[in-house]
Amino acid sequence: MTKRDSDNPQGFSRRQALKLGAVSTVAVGAPAFFTRNAWAENFRNDPGNASSVTFGFNVPQTGPYADEGADELRAYKLAVKHLNGEGDGGMLNTMTPKHLKGNGVLGKKVVYVTGDTQTKSDAARASAKRMMEKDGVIMISGGSSSGVAVAVQGLAQEMGVIFMCGLTHSNDTTGKDKKRYGFRHFFNAYMSGRALGPVLKEEYGNQRQAYHLTADYTWGWTQEESIKNTTEELGWKTTATVRTPVGAGDFSQYITPVLNSGADVLILNHYGKDMINSLTQAVQFGLRDKQVNGKNFEIIVPLFSRLMAQGAGDNIKGILGTTNWNWSLQDDASKAFVKSFGQEYGAPPSQAAQTCYVQALLYANACEMAGTFYPPEVIKALEGFKFDGMGNGPTEYRAADHQCFKDVLVVRGNENPSSQFDLLKVVKIVPRSQVEYDPKIFGGDLGPYKV
Amino acid sequence: MDAFLLQVLNGLDKGGAYALIALGLTLVFGTLGVVNFAHGALFMLGAFCAVSLQQLLTISKKIKDPSVTFFDAFKETPYMEIWFGDAGTAIISYSVPLSILLAIPVMLLVGLIMERGLIQFFYKRSHAEQILVTFGLAIVIQELIKVAFGANPIPQAAPPIFAGTAPVGHWIGLGDAVVYPWWRMIYLFFSGVVIFAVFAFLRYTTYGMVVRAGMADRETVGLLGINIQRRFTIVFGIAAVVAGLAGVMYTPILPPDYHLGMEFLVLSFVVVVVGGMGSLPGAVSAGFLLGILQSFASMNEVKNIFPGIDQIIIYLVAVVILLVLPRGLMGRKGVMES
Amino acid sequence: MSIPSPRNDWILMAVFTAAVLAMPVWLAPIGAAYPDLLQKFAIFGIFAIGFNILFGLTGYLSFGHAAFLGVGSYAAVWSFKLLTMNVLPAVLFGTVLAGLFAVLIGFVSLRRSGIYFSILTLAFAQMSYNLAYSVLTPITNGETGLQLTLQDPRVIDNAISAPGEGLPWTELFGIKMSGYPGFYFCAVMLIIAFFISLRIFRSPFGMMLLAIKSNQTRMSYTGFNTRPYLLVAFVISGMYAGLAGSLLAVTDPLAGAERMQWTASGEVVLMTILGGVGTLVGPMLGAGIIKYFENIFSAYNDQILHGIFAALPDGIEAVVVAVTGLFVGEGWHLTLGALFMIIVIFLPGGLVEGARRIKSFFVRRSLRRHGIRTDQPVTRV
Amino acid sequence: MSDDAHKHENLIEVPAGTPTAHKVVAQGSAPAFFSAWDLHAYYGESYIVQGVSFDIREGEIVALLGRNGAGKTSTLRAIARVDTPELRHGEIWLDHQPLHTMKSWQAARLGVGLVPEDRRIIAGLTVEENLKLSQIAEPVGWSIERIYEHFPRLAERRDQEAVTMSGGEQQMLAVARALARDIKLLLLDEPYEGLAPVIVHEIERILEGVKELGITTVIVEQNAIAALHLSDRAIILDMGEVVFEGSAQEVLDNADIRNEYLAI
């Protein structure tokens, strides 16, 4: 421990000479390094005359969302295949209007690089920067948490590289933290609330006492707020809103107060492992067998995904929530996508996979529409773009906040699954008109086209 | 009053889990003097013993769902059910308690291999190096589990007779409003039994006496002709079994995933240190103390006064205890202070 | 190993400076020569070098140094938001505020030693993290991280000139602090930090810390109060962490709470041990390797692997890709864990020790060739 | 990773007294009952025992004397094969067995019994448990009943936690613990240290009794006179080396020797 780092003189002079050589090299070479980029291009990572164009797929490969990330990555690979005219084409066959020709993007073959967000903002930004600085990506997509999405979106704006968000559900992503270079296809907490409202009223009536357990960070808060507003409009009362630490593991100390609180509905504003744990434990505490105020006690999980449903096992059965998309949908686009994904990987795609696949296609399509990779033009092509045939019905990328508006699925944990994948049952497809809102309510500023 | 009692139960239950994990960690530290950052991984491995047995028992006949044509979706019927009918179903539903039988030999073996294969070479190395190598091992173990089982949690159900809640309030005359999940009661009971067994082993058996003597003064025990090293190797195996059993029994409460160990790692170290390095009663009492305090800090009444207190209570208590009691609750002088 | 002398130290400084500034050249062949990673090398090098001043010299193992990194970042971003996009005030605030924070935490934590000290620092850092993630969101912006916005007051900048469209850049008197200029700024900071660390190691103060490390009890028996020395070391290393944190914000103006989590504190411990505790360049090496793994190894995917092994026959290629695939991309943690184990098992003392062994092997061999007896152990200094 | 310092193959020869030699060097075998040959032992980097050699006949009692820091305790500990100090060079033979190749528990099974200077009664164990502990490994010496007959004080306190007893009683227990094993070589380290004169007297009587048993003994003691009265022979160490070897009576008679090496 007490050793000094020094070397004998002979070794040193030799090495010193080598290093001095290196220094003189860099002294000449270095300025060229940072000036070269400055005048050789009009926008970052212009593919110019290259025969290929690089996409960056930044997904969680390690950490709790690794399985979700892996599914996203599968979807991206499939999207690249389809864009390059390989495979059966998937949603390329159903998308309207379509400008893609199945020969890459603007005649250039699509290649991709991948990175690990670790579901951490810092790691995600580092990975995104590597893609921008080293790998020369023209666009980045991916992510599976709102914190990461907002962080990478900010970076995208600074660097002038378009970011197509993956799974992010917070209102902030296209609300107060929206960015000109960021686009979200996935729905948000507000829409979950709006979509759930009518179903909740139908199923559970308008005389309910709701108890919220909320993950104590921005996404949890926005979801709690959205759901609370919706349910209070229905006439429900909110007994309590309790914040729980992220990654608490054991939620028993937050669940026991629910038992005798007089509430007859528990709303779990948790996602991922927190949701799996809190739901499993809430069921264990007998909440679902309880009668309160003469009604059956109910649990609601506003944001669902099939992978999470898997982790919660039987506890998910009969629980209501919303989802962006589910593989059991029977429209042509969904079927085409499920077919090519299922044939490729032997399992149906998750909602994360669908949103990522669609995002990659939408970006490529916008480039074709714009006739260039120049981001401001691509952004303009995406803004206000109306399309169909991507699994969510008629959809619009709203120009004011870069949020996609489309139908929202209200789902219920399947009581009698016909297979290991058949975990969620679509209760209702809530039409887009019911979930729309004025972009002003969340504030934010998109920023400039040109950076 | 009801709320108070329930939080006491929560606290005891949590405390039981913390104490079990901390117990093995302390046992290893007290005997071998090794700071084992892979202890959480042993807990996780135990949980995956339960997962493995469940997957083994539910190897299924797959009947293809004809409505799905693009990939293979199956309705699965376990062969156990096909072959043994209701008895098979019953066996499957008891997979968690049954995994104890699997976990004991597996974890003992894992512990012995780990001690002989790696830990023994680190007795005389610095604590920092012990931390690094066992942390590396923990990562390797959890990544291998991830390769084998995926990153998603895998739910484990408690046996049906332990589903639902126990009428605790009814038992003690507080009315039917106070109920507590059966499985958590079982867990509390189980941790009590294991803790008691470990203490009884150390207190009332000759083997345990030698181990205690070795913990107190390794050199002198050697001077009396006892190969204490070999016994400590066994103790390491026992610690691995304790961690593994804690993991097995915890699976119905927390669906296990590969990362489970890391989540308990920091917490269990805090528990051990608050209890006093190397003190088994210290580790157990610190486990229960922190569990109960954590439960109370999570009550709305408390949180309304101190926002966020539930997130930091464990660390806050650790700081206060270490400042008031220099070596934790029951630590000995000179242990791990340099 | 030769005895440290002023001359050797200057040579070491010169070599270090040259190596750092030339990183864009000699790291290019291994794919690490792009600005963001180079910045990270320099920044985490500073972090680890500072950590080593505490851990390497005094033996006090702090498990909460990430808290100072986080404080440095938050302070720097607030400086950008409130005052100016110039990086100098940001770096200054980040370092000083982290130093003040370190005075507080150090004053309390240093009342204990050994693992009790480690757990105290861990507890403080975890409290900071948990609060920053949730309750302190008005200051830290919670999970999303503190970012620049168009509405920021930026009083100094706005007094001088009208704000442009879009978010401003961090700058040093007009030079944009991203990309290579950002790296060179960090590199200069790293060289200064290394120089200071070298001076501390060679100073009577450094000797005193080493003496405390080797015999704390004897020193306190003689009535010598070691705590002020330890506190100074703690604060210095906290300021290094603050500097590193503010540089993270300089090159990328966003500060997230997870920067303060225990895993981040653990990372700098691993960097230091991996490189070589108590050595001068070891922590820098360790930082480089871990960041390289995190950014480059994690990026290998099947597509790239198939490209690498394309020359192999198909069947073998598939197997090779499948096996190597376990260790790269999503399996990079596995490689990292295995690397920790291998290094600490076979190279106690870290990479620097490994380098020393290799060197002494060659030196011995060349000496033997000249007929010099080598069975005398090398005197260590 | 394995430390081969304790392997007993004949290894390269290093000139005696070479401070940096890391190997234990074998050179022939010794005829005496006990023989220590050219011991060099280190605490970390501190060189404490610097080439000590001596022989003991069976049944002989030897006083190992010297000033503070002369290396007496270290020599005893090296013979008992505990981990510190580390024996880097030299050989130790007891009854034709190479102790230097053994770990402490193996040496103890061969019949080495060390009564350490601070007695090292094990905390948390009762008197009886302390005695039982010493009978777990072969070869067992006196039965516990016989020990209680000889040490009635211990019998009275059999269920008391041993470390709560007085210093004298603890010393008694330490000796009793050695007798509970069948020992060939008793190593007594400072048996009188820290005891009140009255107690010293009692321990002296006990040791006289041990002497009657005819066990080969090495006794290290600050109180040289007391030790010499018990002993047949004296060996004086200074600065880690043997500087005098002769009969106990010689030292008692020769004030110059006492003055020069023992400062008494």
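Residues numbered from 1 in each chain as written. Chains lettered and ligands numbered in written order. Predicted model: local features only at pLDDT ≥ 70, side-chain atom pairs only at ≥ 80, totals over all residues. Heavy atoms only, no water.

1. Notes on the packing of helix α2 (residues 66-83) of chain A against helix α10 (residues 332-345) of chain A
Describing two packed helices takes the angle between their axes plus the distance from one axis to the other.
Residues and elements named next belong to chain A.
Part 1: Two numbers describe how α2 lies on α10: the axes approach to 11 Å, and their chain directions differ by 110 degrees. One element, α2, and the other, α10, form an angle in the roughly perpendicular class. Between α2, through D71, R74, A75, K77, L78, K81 and H82, and α10, the contact on the second element is made entirely by F337, S340, F341, E344 and Y345. (Axes fitted to C-alpha atoms, helices over the stretch in contact; angles between N-to-C directions. Helix = DSSP H or I, 4+ residues; strand = E, 2+ residues; numbered from the N terminus. Parallel < 35°, antiparallel > 145°, perpendicular 65-115°, else oblique. Contact = heavy atoms within 4.5 Å.)

2. Focus on the sheet that holds strand β4 (residues 162-165) of chain A
Residue and element names in this part refer to chain A.
Part 1: Taken in spatial order, the five strands of this open sheet run β2-β1-β3-β4-β5, and their pairing is parallel. Either end of the sheet is taken by a strand with one partner, and the two such strands are β2 (109-116) and β5 (182-184). The mean inter-strand angle of the sheet, taken between neighbouring strand axes irrespective of direction, is 25 degrees.
Part 2: As paired elements, β4 and β5 share three bridges and run parallel to each other. In the sheet register, M164 faces β5, and the bridge partner there is F183.
Part 3: Helix α4 (residues 146-159) contacts β1 (52-59), β3 (139-142), β4 and β5 of the sheet and is inclined by roughly 160 degrees relative to β4.
Part 4: Helix α12 (residues 375-382) rests against β4 and β5 of the sheet, and its axis sits at about 35 degrees to β4. (Pairing = 2+ DSSP bridges.)

3. With respect to the packing of aromatic side chains
Part 1: According to the stated counting rule, one finds 55 aromatic pairs over all chains in the structure shown.
Part 2: A ring pair is formed by F48 of chain B and F149 of chain B, whose centres lie 4.8 Å apart and whose planes are at 55 degrees; its orientation type is tilted. Separated by 101 residues along the polypeptide, F48 of chain B in helix α2 (residues 39-57) and F149 of chain B in helix α6 (residues 127-149) bring together distant segments of the chain.
Part 3: Seen from their ring centres, Y60 of chain C and F117 of chain C are 4.9 Å apart, and the 80 degrees between their planes marks the pair as edge-to-face. Taken together, the positions of Y60 of chain C in the loop between α3 (35-58) and α4 (66-82) and F117 of chain C in helix α6 (residues 114-133) put the pair 57 residues apart, joining distant regions of the chain.
Part 4: The class for F117 of chain C is buried, based on a relative accessible area of 0%.
Part 5: Taken together through their ring pairs, the aromatic side chains of Y65, Y217, W219 and Y271 of chain A together with Y129 and Y133 of chain C make up a single cluster.
Part 6: Its end group placed over the ring of W78 of chain C, K81 of chain C keeps NZ or CZ at 5.6 Å from the ring centre.
Part 7: Taking NZ or CZ as reference, R146 of chain D lies 3.9 Å from the ring centre of W142 of chain D, over its face. (Phe/Tyr/Trp six-rings, centres within 6.5 Å; stacked < 30°, edge-to-face > 60°. Buried < 20%, exposed > 50% of the residue type's maximum accessible area, 1.4 Å probe, protein only. Lys NZ or Arg CZ within 6 Å of the ring centre and 35° of its normal.)

4. Remarks on the side chain of D189 of chain D
All names here are of chain D.
Part 1: You can see D189 is positioned in strand β7 (residues 185-189).
Part 2: Despite being buried, D189 has no salt bridge partner; R77 is the closest side chain of opposite charge, sitting 6.6 Å away.
Part 3: For D189, the side chain forms a polar contact with the side chain of T73, separated by 3.2 Å.
Part 4: With residues up to four places along the chain from it excluded, the contact list for D189 reads T73, L76, V115, P116, E117 and V220. (Lys, Arg positive; Asp, Glu negative; His and termini not counted. Salt bridge = Lys/Arg side-chain N within 4 Å of Asp/Glu carboxyl O. Polar contact = N/O pair within 3.5 Å; in protein donor to acceptor, adjacent residues only side chain to side chain.)

5. So, the sheet that holds strand β14 (residues 395-397) of chain A
Residues and elements named next belong to chain A.
Part 1: Taken in spatial order, the three strands make up an open sheet running β13-β14-β15, and their pairing is antiparallel. Edge strands, defined here as strands with exactly one partner in the open sheet, are β13 (386-387) and β15 (404-405).
Part 2: Here β13 pairs with β14 via two bridges, running antiparallel. Following the sheet pairing, F387 is matched in β14 by T395.

Just geometry here; none of it tells us what the structure is for.
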